Amino acid sequence: HLLLFLLFVGPFNCFASYSRATELFYSLNEGLPAGVLIGSLARDLRLSTAGGQRPAAPQPPLSFTLASRGLGGQYVQLDNRSGELHTSAVEIDREALCMESSGATVFGGAAAVSSSSPSSESCLLLLDVLVLPQEYFRLVKVKIAIRDVNDNAPHFPVPHIRLSVPENAPVNTRLAIEHPALDPDVGTNSVQTYRLQDNYGVFTLDVEENESGERTPYLIVMGSLDRETREEYVTVIVAEDGGTPPLVGSATLTIDISDINDNCPQFSDSQLNVTLYGNSSLGTHVATVHAVDMDLGSNAQITYSYSQKVPQPSRDLFQLDESTGTITLSSKVDGDTPRLHRLIILGNGPGCIPAVITVLVTIIKVMMRPPEVVPRFIANEAEGVVYLKELEPINTPIAFFTIKDPDEKYKVNCYLDGDGPFRLSPYKPYNNEYLLETTKPLDYETQQLYEISVVAWNSEGFNVNRIIKVQVLDDNDNSPVFSQQLIELSIEENNVPNAFLTKLHATDADSGERGQVSYFLGPDAPSYFSLDKATGVLTVSTQLDREEKEKYRYTVKAVDSGFPPRESIATVTITVLDKNDNSPRFINKDFSFFVPENFPGFGEIGVISVTDADAGQNGWVALSVLNGSDIFVIDTGKGVLRAKVSLDREQQSSYVLWIEAVDGGDPALSSTAKITILLLDINDNPPLVLFPQSNMSYLLVLPSTLPGSPITEVYAVDKDTGMNAVIAYSIIGRRGPRPESFRIDPKTGNITLEESLMQNDYGLYRLLVKVSDHGYPEPLHSTVMVNLFVNDTVSNESYIESLLRKEPDISIEEKQPQISIEPTHKKMESASCMPTLVALSIISLGSIALVTGMGIYICLRKGKKHHRADENVEVQIPLNGRINLHMLEKKPMEISNI
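Residues numbered from 1 in each chain as written. Predicted model: local features only at pLDDT ≥ 70, side-chain atom pairs only at ≥ 80, totals over all residues. Heavy atoms only, no water.

### Considerations on the packing of aromatic side chains
One pass over the full model with this rule turns up 17 aromatic pairs. Note on Phe-632 and Tyr-655: the rings are 5.2 Å apart at their centroids and 75° apart in plane angle, and the pair reads as edge-to-face. Of this pair, Phe-632 sits in strand 50 (residues 632-634) while Tyr-655 sits in strand 52 (residues 654-663), and the two are 23 residues apart along the sequence. Accessibility classification places Phe-632 together with Tyr-655 in one group, the buried group. The ring of Tyr-218 carries Arg-174 above its face, with NZ or CZ at 5.2 Å from the centroid. (Phe/Tyr/Trp six-rings, centres within 6.5 Å; stacked < 30°, edge-to-face > 60°. Helix = DSSP H or I, 4+ residues; strand = E, 2+ residues; numbered from the N terminus. Buried < 20%, exposed > 50% of the residue type's maximum accessible area, 1.4 Å probe, protein only. Lys NZ or Arg CZ within 6 Å of the ring centre and 35° of its normal.)

### Digging into the state of the cysteines
In the structure shown here, the tally under the stated rule is two disulfides. Between Cys-98 and Cys-123 runs a disulfide, and the two sulfur atoms are separated by 1.5 Å. Taking the torsion about the sulfur-sulfur bond, which here is approximately 55°, the covalent link between Cys-98 and Cys-123 counts as right-handed. Here Cys-98, found in helix 2 (residues 94-98), pairs with Cys-123, found in the loop between strand 8 (111-114) and strand 9 (124-132); they are 25 residues apart in sequence, far enough to count as distant. Here Cys-123 falls in the buried class, since its relative accessible area comes to 1%. Through a disulfide, Cys-264 is tied to Cys-352; the S-S separation comes to 2.3 Å. Disulfide Cys-264-Cys-352: torsion about the S-S bond near -85°, hence left-handed. One end of the pair, Cys-264, is in the loop between strand 17 (248-258) and strand 18 (266-267); the other, Cys-352, is in the loop between strand 25 (340-348) and strand 26 (355-364), and 88 residues separate them in sequence. Taking the relative accessible area as the measure of exposure, Cys-264 reaches 33% and is therefore partly exposed. If one numbers only the bonded cysteines of the protein, in the order they occur, the disulfide pattern is 1-2, 3-4. (Disulfide = S-S within 2.5 Å.)

### As for helix 4 (residues 797-805)
Those residues of helix 4 that sit buried are Glu-797, Ile-800, Leu-803 and Leu-804. Mapping the buried residues of helix 4 onto a view down its axis gives an arc of 120°, with all of them on the same face. Looking at the buried side of helix 4, the elements it contacts are strand 55 (698-701), strand 61 (763-773) and strand 62 (781-790). (Arc of directions from axis to C-beta. Contact = heavy atoms within 4.5 Å.)

### What to know about the side chain of Arg-766
Its location among the elements puts Arg-766 in strand 61. A polar contact is formed between the side chain of Arg-766 and the side chain of Asn-787, at a distance of 3.0 Å. (Polar contact = N/O pair within 3.5 Å; in protein donor to acceptor, adjacent residues only side chain to side chain.)

### Some words on the nonpolar core
One finds Leu-41, Phe-64, Leu-85, Leu-97, Val-129, Val-142 and Ile-144 to be the most contacted residues of the largest nonpolar core, which totals 28 residues. Membership of the second largest hydrophobic core comes to 25 residues, among which are Phe-267, Tyr-304, Ile-327 and Leu-329. (Core = buried A, V, L, I, M, F, W, Y, C linked by side-chain atoms within 4.5 Å.)

### Considering unusual backbone geometry
At the junction of Leu-132 and Pro-133, the peptide bond is cis and its omega measures out at 10° in the coordinates. Relative to the assigned elements, Pro-133 resides in the loop between strand 9 and strand 10 (138-147). Note the cis peptide between Phe-563 and Pro-564, where omega equals -5°. Within the secondary structure, Pro-564 is located in the loop between strand 43 (551-560) and strand 44 (567-577). Backbone geometry places Glu-383, a non-glycine residue, at a positive phi of 55°. With respect to the secondary-structure elements, Glu-383 resides in the loop between strand 28 (380-382) and strand 29 (385-389). Residue class for Glu-383 comes out exposed when judged on its relative accessible area of 82%.

### What to know about the pairing of strand 26
The element strand 26 is extensively covered by neighbouring structure, given that seven of its ten residues are classed as buried. In terms of strand pairing, strand 19 (residues 271-277) meets strand 26 through seven bridges, oriented parallel. If you follow Thr-275 over to strand 26, its bridge partner there is Thr-362. The turn linking strand 25 back onto strand 26 is made up of six residues, and Gly-351 within it adopts a positive phi angle of 70°. (Pairing = 2+ DSSP bridges.)

### Overview of the sheet that holds strand 34 (residues 449-458)
With respect to topology, five strands assemble into an open sheet ordered 28-29-35-34-31, the strand pairing being mixed. Both outer strands of the open sheet, strand 28 and strand 31 (412-417), are each paired with one neighbouring strand and no more. The mean angle between the axes of side-by-side strands here comes to 25°, regardless of whether they run parallel or antiparallel. (Axes fitted to C-alpha atoms, helices over the stretch in contact; angles between N-to-C directions.)

### Looking at the pattern of salt bridges
As enumerated under the stated definition, the model contains 21 salt bridges in all. Its salt-bridge partner being Asp-44, residue Arg-43 comes within 3.7 Å of it at the nearest N-O pair. For Arg-43, a relative accessible area of 52% corresponds to the exposed category. The partner of Arg-738 in a salt bridge is Glu-755, and the shortest N-O contact between them spans 2.1 Å. Placement of Arg-738 in the loop between strand 58 (727-735) and strand 59 (742-744) and of Glu-755 in the loop between strand 60 (750-753) and strand 61 is noted, with a sequence separation of 17 residues between them. Taking relative accessible area as the criterion, Arg-738 reaches 17% and is therefore assigned buried. Connected via shared salt-bridge partners are Arg-227, Glu-228, Glu-231 and Asp-259. (Salt bridge = Lys/Arg side-chain N within 4 Å of Asp/Glu carboxyl O.)

### Re the environment of Ser-511
Positionally, Ser-511 belongs in the loop between strand 39 (506-507) and strand 40 (517-521). The exposure class assigned to Ser-511 is buried, which follows from its relative accessible area of 18%. Separated by 35 residues in the primary sequence, Ser-511 and Asn-476 place their C-alpha atoms 8.3 Å from one another. In this structure Ser-511 touches Tyr-444 and Asp-474, once residues within four positions along its chain are discounted.

### Looking at the sheet that holds strand 46 (residues 590-596)
The strands making up a sheet associate through backbone hydrogen bonding, with each pair oriented either parallel or antiparallel. Pairing is mixed across the open sheet formed by four strands, whose spatial order is 46-53-52-49. In the strand order of this sheet, the two ends are held by strand 46 and strand 49 (621-625), each with one partner. Recorded for the sheet is a direction-independent mean angle of 25° between the axes of neighbouring strands. Pairing geometry for strand 49 and strand 52, over five bridges, is antiparallel. From the neighbouring strand, Leu-623 faces strand 52, where its bridge partner is Ala-661.

### A short note on a nonpolar patch on the surface
A surface patch of nonpolar side chains, about 280 Å² in accessible area, is lined by Leu-626, Val-656 and Trp-658. Structurally, the position occupied by Leu-626 is in the loop between strand 49 and strand 50. (Patch = residues over 30% accessible without salt bridge, like charges linked within 9 Å, V, L, I, M, F, W, Y side chains within 5 Å. Areas by Shrake-Rupley, 256 points an atom, 1.4 Å probe, with all protein chains shown as cover.)

### Some thoughts on the confidence of the model for the protein
Averaged over every residue, the pLDDT of the protein is 81; residues scoring 70 or more account for 84%. Within the model, pLDDT remains below 50 along residues 101-120, and this stretch shows 55 contacts once partners closer than five positions in the same chain are excluded. Within the model, the stretch residues 819-835 combines pLDDT values under 50 with 14 contacts to residues more than four positions away or in other chains. (pLDDT = per-residue confidence, 0-100.)

Below is the structure:
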């Protein structure tokens, strides 16, 4: 419902005393559609009547007009007559309208947007409306309060929030989350609460609101933390507004537990016992102590030192590395050296009480000197490590060893201890000389480091080990190897440019740069394929079209960085998968078929050829008839068009069909084609005689009719077309006093008098007319009887009717009518032997007969039957069944006398 407040202000001084300025307040929700009624200014201003009294005289109509259209005017529509205010097509968005103008008024002519009310949530639309004519003139200030709806969900400014908490943070420690959620809505529709999806039992959230109404979430520590137990907590923080229904937004919250120095170094053992021979050489490793601190970084740094309880002679004899805790022999052991040393070592950490470990070193006195092993290296050696290239030949010398007894009392033997392709053998003819050499080629990829010992011992059981390390140096002896020699890929056509195809992978067993592999396309690869040299990612830069090319096959190379480089080749095959991107395509847009009428039902009219460039199901095409499906059917697979029934051209001469082709894709694509079926005429309709309508009708012919005068006509039509409908008329049978007196025009069917009628020519003439078409292969025809009664008048109808009822004895003349035949009266133009006297006699007799006939006619008009002489006569005469006549079942048409 709309909220309405009406406030009247004092007189408007610039006009008449009854002019008033008025304010109207309305409110409505944001986001309403166009046409929603905001309010009626006429009703709310009570302008329909003046003080509730009927006006003394007719008043001019009211007019409402916006003073000017500004920012606010675009959101409303004002009816100039009724004063009704509606929402316009421009949707009101409160956040866009008032967010920037919060606390101020933005004017646009006489329309403005304001939110400068006491409530921070107010958003006002200000309009100035003029009410005319002058009798009702007012300036109305319309204020429309835009109410907020919950149309915005809370959202965090960053998707990932990281917070650091020290592990010694006490319970109830509060840490502000620096990126609170934002919600453009106001009031309860803004952010109200926060929650954690998983609090791990040690965290919770609280919300604090400041004086401006902003809500800030705080993380509260609810339990003890220990970085050494868990150094990170990952959860989701959810912000929820107060709308109905509420909307939520979320972000990932990572809580890092920062380290404090709450752990001290610790030794795993409290005492370590070590035995050392008295004849040990300087630098001999005695022992290594190791303490552990669970803290991180500088809090976990440990240094080692002797306790003050360790006497100075022991400190001088054994050197302690303060960083590693390694103890080595730093001075020579002699007869005065004590045989037991108690070394108390401290593990020192920052701010911690040192950890303590005791190392007891027992020195065993040796009465005789051990054998000596003196090496002389042939191969490259550094710090006791011999370096050999792989693939060095067999029997490659490594070093000479001289074995001797310092006291020269005992026999010394030696042997090689350790695994590897090495051999230590006496080097003759010298005594106590031994040669160390290889027994087979070394392979870096199989083993890179060998550790062997040359052991010398005397007959008293004393022995000495000389450890030799052999480092195998890599050589570029391996080519890159593809994980697959044949890489079979597939991609759908119409792919996006730079589409990912695969990532090639080749390995090289060599080390360093020799094992670094680069990838290249072979020379047979199309230019629109790209292969990243470093990563081996294969892409295609353009769209592929399966209809253009379905398969691609080319080579790729993997090349290492050795010198000279080695390479290997793999084959890539790409199959472009079909998408339904091609509509069925008819060979022609329009098909035309010519079919003879009376074509048998379900006979083949024609074949509709259609193709689809797609493959498989996408290229399968189904045909259907969109219109005329009750008459025509089409074979879906073969495209054969058939008619269910026989077609008659006389009923319909042509058909226009629309054929739809739909493929089997999803979604399916379709196309249509126009099919025109033209029926060819067959001579299956005989001529239809329309006049005369009856074989029993007759026509009175006066004897005074002049030769060449038209008597009557035979009119016929043929439903066929072309030559099948070309009609010829002929008289095939005659009966009468002088039947050759009449002829018929073969083209028009007009019957004319050929010769003058004499006295003895009176009587009934019966002409059997054949109406024939010119059809192929055989013409069809109909017959009709034309009855002519030659007399001055019809004095006895019953007599004529009795003559018509008799079967006519007419001999049929089987003569094919020729349309090109000249009229019969032209025959009279031939030479005649009759003298002019005969012609004059005939004219005289005709004149006498005419006078006599006129006299008889005048007398007969006085009788009772004179009135019937002018009537139309139509008599039904049954014909001889032997004559083939065309009978009609229509109502007979009247024939007028001439």
